[in-house]
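Architecture and fold: a report
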Amino acid sequence: MSDPTDGLIADIARQLDAGRVIPYLGSGMLSLCDDVAVPATPGALVAVMTAKVSVPHKIRAKLTQAAQFIENFKHRKSVVMIMDEAYASVPTPSPLHRALAASGATLWVDTWYDDTMLAALKAARPQGGWHQLQGLSQSEHFGQWTADYDAEGHVADMPANDATPLLYRPIGGRSPASNYLVSDSDYVEVLTEIDIQTPIPAVVQERRKGRGFLFLGCRFDDQLTRSFARQIMKRSSDAHWAVLPDEPTRMEARFLEEQGITRIPMSLADFAAQLTDALQTEAA
């Protein structure tokens, strides 16, 4: 008896390769890589931070609050330095990272700080021809919400109606310019404006129209991740998918229902293997 997800995964691969599906990547994607030497969860990252700088015990496990404390009492440059050290290593992209990078997708959303997907794009598209947009901290770039870089890491400017493939990193990333949204104030500034879409680049708003999102390595068990996902996928298609092997929390289940996201109850590793095969079949 065939697995009912086989047809679904093949359909997602076809739509993805046709540019009708947008991969939305969370920190869980690092579980697919073999040589991860970077913090792969908020808990792991805050442990790195608090090993470098002593913070009050009550916020030692709270990433944004610990980062804010360090920013307030040690300077913003200390936060950036810790983040740069934490993400200095670039994990070798997994087969799924590489397959997504080589696919017909025109927009990828990467919501963690590592440069793995960036490395996959560089390997899959060495000729360039793609851009990356990163969210910016208002404490460092007041009034500017994002920075646009070409494939070589040079500052660029892509019009909203441009068809150039785009890697969107709403909370920043290490390469090429150490842009990070990580402290309380970073997120407060963005969340204050995100309902009216100000921090979301016009090209992303245009590119998402009529397209579905495929959530990989994501959880929606906190308000921050739900807020970003809700606003980034606004005015997109009404059909989306999320690979969630574990039973969702009550708030996650409500979020999935509200946003029209179909849960795929598979392990990310199993789904990744099948989607990678399906994408390779599409490319053949």
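As shown above, the structure is provided for reference.
What this report covers is the structure whose coordinates are included nearby. Just so we're clear, the structure is a prediction, and the values are computed from it rather than from any experiment.

A few words now on the pairing of strand 4 (residues 146-150). For strand 4, a buried count of five out of five residues is recorded, marking the element as mostly surrounded by other parts of the structure. The two faces of strand 4 match: Thr146, Asp148 and Asp150 on one face and Ala147 and Tyr149 on the other face are all buried. Note: strand 3 (residues 131-135) against strand 4, five bridges, orientation antiparallel. Paired with Gln132 across the bridge in strand 4 is Tyr149.

Glancing now at the sheet that holds strand 2 (residues 107-110). Spatially, 4-3-5-2-1-8-9-10 is the arrangement adopted by the eight strands of the open sheet, whose pairing is mixed. Looking at strand neighbours, the two that pair on one side only are strand 4 and strand 10 (261-264), the edges of this open sheet. In this sheet, neighbouring strand axes are inclined to one another by 20° on average, regardless of whether the strands run parallel or antiparallel. Helix 6 (residues 116-124) rests against strand 1 (21-25), strand 2, strand 3 and strand 5 (166-169) of the sheet, and its axis sits at about 170° to strand 5. Helix 10 (residues 250-259) rests against strand 9 (240-243) and strand 10 of the sheet, and its axis sits at about 130° to strand 10.

Rules and cut-offs
Residues numbered from 1 in each chain as written. Predicted model: local features only at pLDDT ≥ 70, side-chain atom pairs only at ≥ 80, totals over all residues. Heavy atoms only, no water. Buried < 20%, exposed > 50% of the residue type's maximum accessible area, 1.4 Å probe, protein only. Helix = DSSP H or I, 4+ residues; strand = E, 2+ residues; numbered from the N terminus. Pairing = 2+ DSSP bridges. Axes fitted to C-alpha atoms, helices over the stretch in contact; angles between N-to-C directions. Contact = heavy atoms within 4.5 Å.

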